[in-house]
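Summary of the model geometry
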Amino acid sequence: MNKLDDTDIKLLRLLQEDATMSNKQMAYALHKSIPAIHDRVRKLKANGYIKKIIAILDRQKVGIGLISFSQVFLKAHTAEVLNDFEKEVSKFSEVMECYQMAGSYDFMLRIATRDMEAYHVFLRHKLAVLPQVNTVQTYFVLSETKSDTKFPI
């Protein structure tokens, strides 16, 4: 499955919109048989197009009141320092996303915490104590205009 056909793309769009759809519902929507849809989903998973099926939670209802973005500047840029930082920061449940960046800082983190106090504890006792970290500059989200998980395929 090196190349996706129109049906695969439509199937991926449907799954991005609602991964709880049954094979029967997707087959009906795409005018295909249920076994054909089942086989395509299996192949899309096997070939890595579908990494995992998840539930997206309402962050407020689960007690996550603060989202922040932190720019992290490291002390050095050797492969060992970069790898060690990525390994350590990946362990923190508060870190939702971690991206190595080109530009004036090294990494961008999206961090989810209960509140400002929880962020403060995270920063002081987890992130800032990593030996690779030189500086952390954080921006706090005031409102969320758009948050999407769908890729434009």
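Up top is the structure.
To start, this report covers the structure provided alongside it. (Residues numbered from 1 in each chain as written. Predicted model: local features only at pLDDT ≥ 70, side-chain atom pairs only at ≥ 80, totals over all residues. Heavy atoms only, no water.)

Let's talk about the pattern of salt bridges
Should their charged atoms come close, side chains of opposite charge can pair. For the structure on display, the rule yields 10 salt bridges. The residue Lys126 makes a salt bridge to Glu94 at a minimum N-O spacing of 2.9 Å. Residue Lys126 is located in helix H5 (residues 116-127), and its partner Glu94 is located in the loop between helix H4 (79-89) and strand S2 (95-100); the two are separated by 32 residues in the primary sequence. On the basis of relative accessibility, which here comes to 29%, the residue Lys126 falls in the partly exposed class. For Glu94, a relative accessible area of 15% puts it in the buried group. (Salt bridge = Lys/Arg side-chain N within 4 Å of Asp/Glu carboxyl O. Helix = DSSP H or I, 4+ residues; strand = E, 2+ residues; numbered from the N terminus. Buried < 20%, exposed > 50% of the residue type's maximum accessible area, 1.4 Å probe, protein only.)

A closer look at the packing of helix H2 (residues 23-30) against helix H3 (residues 34-46)
Remark: H2 packs on H3, axes separated minimally by 8 Å, with the N-to-C direction vectors making an angle of 105 degrees. By the angle between their axes, H2 is roughly perpendicular relative to H3. Counting all contacts with H2, which are made through Asn23, Lys24, Met26, Ala27 and Leu30, the residues of H3 involved are Ile34, Ile37, His38 and Val41. Here the contact of H2 with H3 is composed, by residue class, of six nonpolar, two polar and one charged. (Axes fitted to C-alpha atoms, helices over the stretch in contact; angles between N-to-C directions. Parallel < 35°, antiparallel > 145°, perpendicular 65-115°, else oblique. Contact = heavy atoms within 4.5 Å. Nonpolar A, V, L, I, M, F, W, Y, C, P; charged D, E, K, R; others polar.)

Considerations on the layout of surface pockets
Considering only enclosed or pocket space, the largest pocket measures out at about 1900 Å³ in volume. If you go around the largest pocket, you meet 35 residues; those closest to its centre are Ile54, Ile56, Arg110, Asp148 and Thr149. Elements supplying a minimum of two residues to the lining of the largest pocket: helix H1 (6-17), strand S1 (66-74), S2 and strand S3 (107-113). Ranked by residue count, the leading element in the lining of the largest pocket is H1, at four residues. (1 Å grid on protein atoms, 1.4 Å probe; cavity = no way out; pocket = protein on both sides within 12 Å on 5 of 7 lines; lining within 4 Å. Points joined across faces, edges and corners; volume = space filled by probe spheres on them.)

Some words on H4
Those residues of H4 lying buried are Val81, Leu82, Phe85 and Val89. All buried residues of H4 project into a common sector of 100 degrees when viewed along the axis, lining one side. Facing away from the buried side of H4 by over 90 degrees, the exposed positions are Ala79, Glu80 and Lys87. Buried residues belonging to H4 abut S1, S2, S3, H5 and strand S4 (133-140). (Arc of directions from axis to C-beta.)

Quick look at unusual backbone geometry
Of note, His31 is a non-glycine position whose phi angle comes to about 55 degrees, a positive value. Note that His31 resides in the loop between H2 and H3.

Looking at the packing of aromatic side chains
Scanning all chains against the criterion turns up five aromatic pairs. Ring geometry for Phe85 and Phe107: centres 4.7 Å apart, planes at 45 degrees, overall tilted. Within this pair, whereas Phe85 is found in helix H4, its partner Phe107 is found in strand S3, the two being separated by 22 residues in sequence. Assessed through its relative accessible area of 0%, Phe107 is described here as buried. (Phe/Tyr/Trp six-rings, centres within 6.5 Å; stacked < 30°, edge-to-face > 60°.)

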